[in-house]
Structures are given as C-alpha cells and as structure tokens.
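An overview of the molecular structure
The residues making up each chain are set out below.
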Amino acid sequence: MAAVSDPVGLGAPRGPARPEPPPTRFHPVHGANIRVDLSGTRATRVESFAHGVCFSREPLAPGQVFLVEIEEKELGWCGHLRLGLTALDPASLAAVPEFSLPDLVSLGHTWVFAITRHHNRVPREGRPEAEALAPSRPPALLVEPYLCIEQFRIPRDRLVGRSRPGLYSHLLDQLYELNVLPPTARRSRLGVLFCPRPDGTADMHIVINGEDMGPSARGLPAAQPLYAVVDVFASTKSVRLIQLEYGLPSLQTLCRLVIQRSVVHRLAIDGLHLPKELKDFCKYE
C-alpha cells in the first residue's frame, strides 16, 4: 500500500508510473447465503434476503475502485445493495454477520453506505445540503473521460453502467438518451474507494455509474488495510466485479466517446457504417 503522503494515485496520468493493482476478487469468507463462482468475480445470494455480506479478497490500494455491476434483481424485498469499507480482516471473523448494517458496522472499524434509488449524493463541506438533492448532469459522462476524486483521476468509461434498450426506449425514457441508469437498476455499476488525507486519515467515496457521490465517511485509518464490503441485500440478488484499467483511456474508449457525441441517442448508432461489434460496444458495454 502506498504511503499516505504520496499525492499521486492509481489512475492518475501525471507523475511517476504506478504498477497496475491486481484484479479484484471476492474473499472466500462471505455470508451464509452467498455463492461465489470459481473465478471469484460473481457473488449470488441463493436464498432469503440476508446473509449476503461479501468482502474483497485483498485490501484496496489508495484510489483503487472496487466496482460491481448489478446482474440480477429479486422482486418482493425492500432494500438494495450496500457498499463500504472495513479495517477488519474477513479471515479473522468468527462468523460473518447477517447484515452489514447494523451488524457488521457494530463490530467497529467498518463504514457502510446503503444505496437507494435516489439521493445518494453526500453534501460537501461548507456547501448547502440541497446540493446533495440537486439533479446531476449526466451529459458530462460523454464529455470528460476521467472521473476526478480528490487527488485521483480514474478513467470513467468502465465505471458507467449501460442498459439494454428496447425498440422505443429513446422515446419513452429520458434516462435512455443520456445513457444513465438508476443506481439500483440491473446493469448499474457501483464502486467504493478511499482517498488518503494529509492528516493520516482517509475519506470513503461511493461511485455510481461514473459519478462521485462525495465523501460518505471520513476519518478512516488510511495506514490500516481496508477491505471492500459488498452486501448483496434484499432486491439485489447477484453482482459481478468489473475490472478497471488505471491509466490513459484506450483508443477504443476514445473512439466510442467521439461516436456517442455525434448521435442523438444510442439507437442512431445502428445507422452508422460501422462494424456490428463496434456498434454493440458503443451501445452496451
């Protein structure tokens, strides 16, 4: 883990080169109702609505995003995915708690954020609380290739979840035109990371479909190993890990940004004289 005072982090294109972090995987220690696939990248709750707590296999590096995509939903339950960080070593737990909130948090050294369909943004220090409720500006997702969070710059492209459209989606759903999903929707992408501060503490940030929700927790012990926490809770049934590339955006990504800016909505991409594989990449991936 990098020193707290080092101002250059993963994903920052300026400054000395950093080695890529290892691929993210789920920890073999998890809730009783969770099944992790052989690759360690997909976690599914097989029954009930609880006992779905998962952890990252390794502690996160500063600025490293533990990113999941919602793969399956289950009707009939109230509540959604929960994300956070813990300084507790999962292997040291006598038993994984039934819930991340409040059970795991009550053990101490754990910070968890409950994702909701609306109002996930945290107001910044010195700014009005109304800012957290103000609508975001999704069009910027197709303009700025980096997400900037404190001292880190992270390629935004793979942070954004994209829906599979229906024939009339662009007419019926304004969100479709902007290519932005609700936070709790299937294929939505949500991540957690921490950013060290000069005083030796760290801020925890939640990222939803390429947007930083602000510091959802402060004062984390940056010098201690911090594991990601993913609670596959209630209406969220299955998630898969998304691997990020920390560095310059790929040529493929830059080409997609140019194409997306040149069309009214994603269905219009079908009318372009491009290979089908490239069209599908521009619309869905």
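Remember, it's a predicted structure, so these values are computed and weren't measured experimentally.

**A few points about the pairing of strand S11 (residues 211–221)**
Of all eleven residues in S11, eight are buried; the element is thus mostly enclosed. Note: strand S10 (residues 201–208) against S11, six bridges, orientation antiparallel. Bridging from a neighbouring strand, Ile208 pairs with Glu211 of S11. Turn length for the S10-S11 hairpin, with the two strands adjacent in sequence and antiparallel, is two residues, and the turn residue Asn209 shows positive phi of about 50°.

**Concerning the packing of aromatic side chains**
In this structure the tally under the stated criterion is five aromatic pairs. Centre to centre, the rings of Phe26 and Phe66 are 5.9 Å apart; their planes meet at 75°, and the pair counts as edge-to-face. Placement of the pair is Phe26 in the segment before strand S1 (34–36) and Phe66 in strand S4 (residues 66–73), with a sequence separation of 40 residues. The same class applies to Phe26 as to Phe66, namely buried. Ring geometry for Phe49 against Phe233: centres 6.2 Å apart, planes inclined by 70°, an arrangement best described as edge-to-face. A residue pair is termed long-range when its members are at least 10 positions apart, and Phe49 in the loop between strand S2 (42–45) and strand S3 (53–55) and Phe233 in the loop between strand S12 (227–231) and strand S13 (236–242) qualify at 184 residues. Looking at Phe233, the relative accessible area reads 7%, which means it is buried. Three or more aromatic residues joined by ring pairs make a cluster, and in this case those are Phe49, Trp77, Phe99 and Phe233.

**Quick look at the sheet that holds S2**
The strand order S1-S2-S13-S4-S9-S10-S11 describes an open sheet built from seven strands, whose pairing is antiparallel. Every other strand in the sheet has two partners, leaving S1 and S11 as the edge strands with one partner each. Averaged over all pairs of adjacent strands, the angle between their axes in this sheet comes to 20°, without regard to strand direction. The sheet contact formed by S4 and S13 spans six bridges and is antiparallel. The partner of Glu72 across the bridge, within S13, is Ser238.

**A closer look at the pattern of salt bridges**
Across all of its chains, the model carries ten salt bridges by this definition. Across the pair Arg189 and Glu69 runs a salt bridge whose closest N-O atoms are separated by 2.7 Å. Residue Arg189 is located in strand S9 (residues 189–196), and its partner Glu69 is located in strand S4; the two are separated by 120 residues in the primary sequence. Each member of the pair, Arg189 as well as Glu69, is classed as buried. For Arg197, the salt bridge goes to Asp203, with nearest N and O atoms at 3.0 Å. By sharing partners, the salt bridges in this structure join Asp37, Arg42, Glu69, Glu71, Arg189 and Arg240 into a single network.

**Observations concerning the environment of Ala223**
Its place among the elements puts Ala223 in the loop between S11 and S12. Residue Ala223 is classed as exposed on the basis of its relative accessible area of 70%. Separated by 23 residues in the primary sequence, Ala223 and Gly200 have C-alpha atoms spaced 7.1 Å apart.

**Details of helix H5 (residues 251–261)**
Thr253, Arg256, Leu257, Ile259 and Gln260 are the residues of H5 that are buried. In a view along the axis of H5, the buried residues occupy a sector of 165°, so they form one face of it.

**Regarding the sheet that holds S12**
Ordered by their spatial adjacency, four strands build an open sheet running S3-S12-S5-S6, and the pairing between neighbours is antiparallel. The sheet is open, and its two borders are formed by S3 and strand S6 (110–114), each paired with just one other strand. Between one strand axis and the next, the sheet turns by 20° as a mean value, whatever way the strands run. Relative to S6, strand S5 (residues 82–86) runs antiparallel, the two sharing five bridges. When the bridges of S6 are listed, Gly84 appears paired with Val112.

**Points about unusual backbone geometry**
Following Leu101, the chain continues into Pro102 via a peptide bond in cis, with omega recorded as 5°. Position of Pro102 relative to the elements: it lies in helix H1 (residues 100–106). Even without glycine at this site, His109 takes up a positive phi of about 55°. With respect to the secondary-structure elements, His109 resides in the loop between H1 and S6. Judged by its relative accessible area of 48%, His109 falls in the partly exposed class. One non-glycine residue, Asn209, adopts positive backbone phi at about 50°.

Calculation notes
Residues take numbers from 1 onward in each chain, read along the sequence in its written order. Whole-chain, interface and lining totals are the exception, using all residues; otherwise, since this is a predicted model, local features are given only for residues with pLDDT of at least 70 and side-chain atom pairs are given and counted only at 80 or more. Side-chain metrics in this entry use all non-hydrogen atoms of the structure; hydrogen atoms and water are not considered. Each residue is assigned to one of three classes by its accessible area relative to the maximum for its type, calculated with a 1.4 Å probe on protein chains only: buried under 20%, partly exposed between the two thresholds, exposed over 50%. Helix numbers and strand numbers start at the N terminus; a helix is a DSSP run of H or I with at least 4 residues, a strand a run of E with at least 2. Paired strands are those between which DSSP finds at least two bridges. Pairing of aromatic rings covers Phe, Tyr and the six-membered ring of Trp, with a centre-to-centre limit of 6.5 Å; geometry is then stacked below 30 degrees between planes, edge-to-face above 60, and tilted otherwise. Under this scheme, a helix contributes an axis fitted over its contacting stretch, all axes are lines through C-alpha atoms, and angles between N-to-C directions fall in the 0 to 180 degree range. What makes a salt bridge here is a side-chain nitrogen of Lys or Arg within 4 Å of a carboxyl oxygen of Asp or Glu, nothing more. It is the directions from the helix axis to the C-beta atoms that the arc portrays.

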